[in-house]
Amino acid sequence: MLIIKYSDSKNGKEKQRTFIKRKIKRERGVKRENIIILGKVCSLLEINDNIYSTNELERIFKVFSGKIIGKPSIIREFVPEEYRFCYETYYKRAIVSSIIKNFNNNLSGFSVCIRDNDFQLLPEYADLVGKTKKLVFLSERNQNAAIFSQYCFVEYGAYVDFKNLCDTYSHNLFLDFLDIDETGRTFIKLDGKDMLIYPDAEYFITDYELSEVLKVGVPAKIACAAFETKQQEKINWLVN
């Protein structure tokens, strides 16, 4: 993981903080420090306006493509979108967990439809299948979808459908994952009526080791997503 720290070149550099197992590396005006967070080796990169357009910075971004976090305003200004950390998958897990907790007593009679254009094998999806009357995904039937369908049939005797088009109002609960914001909250349709739902707070408990990440402006929820503080349950998806 690459953590961006911004220092205003006009006001001088921020005072260095002490990190566990610090190793400083300087490359062509770029200052980078290796640190350990939750057992993972990460890099803390200090940038300012003077080094924004250097080739070295671009090279580092490519190396850490998809694993770059920092203060949102700084990330938006300095880091091209294709290199930024994508928090959506972790948020999906937290939202599905929240739905299970909030509607647990009613899910056995619910038909649930989820729009997910980037379907992945998530244990929370499997938990949902085991509790619902019917589960349909608005998603391409890719390899993950085929594996998931087979798993659910063998483990639960449930048929999970993947469709390109669906009448969302024909389901008791409709969840759209195409627009998740940085807070993780989203709207669902419950029997055709809009309802705001928040992600499961259990997924966003910040470990003390994340304090150094939070100090540079990384939002707590994104920090938890980046370091997956709520780890996925291990599931053998390839059932016989």
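Right above here is the structure, for reference.
Residues numbered from 1 in each chain as written. Predicted model: local features only at pLDDT ≥ 70, side-chain atom pairs only at ≥ 80, totals over all residues. Heavy atoms only, no water.

> What should I look at first to understand the packing of aromatic side chains in this one?
Both the distance between ring centres and the angle between the ring planes are used here to describe each pair of aromatic rings. In the structure shown here, the tally under the stated rule is 18 aromatic pairs. Plain terms: the ring middles of Y87 and Y91 are 4.7 Å apart, the flat faces sit at 40 degrees to each other, and that makes the pair tilted. Residue Y91 is classed as buried on the basis of its relative accessible area, which comes to 0%. Centroid distance F103 to F110: 6.2 Å. Interplanar angle 45 degrees. Geometry classified as tilted. Of the two residues examined, F103 and F110, each falls in the buried class. One aromatic cluster is present, built from ring pairs that chain together F119, Y125, F137, F148, Y151, Y156, F162 and W237. (Phe/Tyr/Trp six-rings, centres within 6.5 Å; stacked < 30°, edge-to-face > 60°. Buried < 20%, exposed > 50% of the residue type's maximum accessible area, 1.4 Å probe, protein only.)

> What is the right way to read the nonpolar core from this model?
Counting 59 residues, the largest nonpolar core has I3, I69 and F148 as the members making the most contacts within it. If you tally residues by element for this core, the top one is helix α3 (residues 88–102), at seven residues. Other than its neighbours up to four places away in sequence, I69 contacts M1, L2, I3, I4, I75, F85, V213, V218, I222, A226 and F227. Of all hydrophobic cores here, the second largest spans 14 residues; its members include L2, I4, I47 and L57. (Core = buried A, V, L, I, M, F, W, Y, C linked by side-chain atoms within 4.5 Å. Helix = DSSP H or I, 4+ residues; strand = E, 2+ residues; numbered from the N terminus. Contact = heavy atoms within 4.5 Å.)

> Before we go on, may I ask you to explain unusual backbone geometry in this structure?
Where the residue is not glycine, phi is negative for most of them; where a peptide bond is considered, it is trans in most cases. The backbone phi angle of L38 is positive, close to 50 degrees, even though this residue is not glycine. Inspection of the secondary structure puts L38 in the loop between β3 (30–37) and β4 (40–47). Within the chain, D191 stands out as a residue other than glycine whose phi angle is a positive 50 degrees. By secondary structure assignment, the location of D191 is in the loop between β10 (186–190) and β11 (193–197).

> What am I meant to see in the pairing of strand β9 (residues 173–176) here?
If a strand is regular, its side chains alternate between the two faces of the sheet. As judged from the four bridges shared by strand β6 (residues 111–115) and β9, these two strands associate in the parallel manner. Looking at β9, one finds that C113 is bridged to F174. Across three bridges, β9 lies against β10 in antiparallel orientation. Paired with F174 across the bridge in β10 is K189. (Pairing = 2+ DSSP bridges.)

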